[in-house]
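Structural features, examined
Residues per chain are reported as follows:
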Amino acid sequence: MAKLPVLSAREIIRALERAGFGQVSQRGSHIKLRRGDRTAIVPRYPEVPRGVLVSILRQAGLERDEFLRLLR
């Protein structure tokens, strides 16, 4: 299993949008993206910690390898 990189919120949001998620709202520094019945909350940080990224992927229902492919 590949190790997740430290990414910015912008990079994470771009990858989630490629997976079909769309931004539905923002409250403070947290952006809510939705695809069907799945909702992912992305904090707007310059560097999102790996543990938070794992949580975002769990919310989105994406596997690590699938997410890494979306980054390219």
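How each quantity is defined
Think of each chain on its own: its residues are numbered from 1, step by step along the sequence as written. Side-chain atom pairs in this predicted model are given and counted only at pLDDT of 80 or more, local residue features only at pLDDT of at least 70, and totals for whole chains, interfaces and linings cover all residues. For the side-chain quantities, the full set of heavy atoms in the structure was used; hydrogens and water were omitted. Going along the chain from the N terminus, every DSSP run of H or I of four or more residues is numbered as a helix, and every run of E of two or more is numbered as a strand. Note on classification: 1.4 Å probe, protein chains only; a residue is buried when its accessible area is under 20% of the maximum for its type, exposed when over 50%, partly exposed between these limits. Contact between two residues is taken to exist if any of their heavy atoms lie within 4.5 Å; hydrogens are not considered. Think of it this way: DSSP has to see at least two bridges between two strands before they count as a pair. Under this scheme, a helix contributes an axis fitted over its contacting stretch, all axes are lines through C-alpha atoms, and angles between N-to-C directions fall in the 0 to 180 degree range.

**Quick word on the environment of Gln26**
- For Gln26, the location among the structural elements is in strand 1 (residues 22-27).
- Given a relative accessible area of 40%, Gln26 falls into the partly exposed group.
- Sequence separation between Gln26 and Pro43 is 17 residues, and the spatial gap between their C-alpha atoms is 9.6 Å.
- Not counting chain neighbours up to four residues away, the residues in contact with Gln26 comprise Ile31 and Arg44.

**Some points on the sheet that holds strand 2 (residues 30-35)**
- Pairing within the open sheet is antiparallel, and its three strands lie in the order 1-2-3. Looking at strand neighbours, the two that pair on one side only are strand 1 and strand 3 (38-43), the edges of this open sheet. Geometrically, the sheet is characterised by an average inter-axis angle of 25° between neighbouring strands, direction not taken into account.
- The pairing of strand 2 with strand 3 spans six bridges and is antiparallel. Pairing of Ile31 across the sheet is with Val42, part of strand 3.

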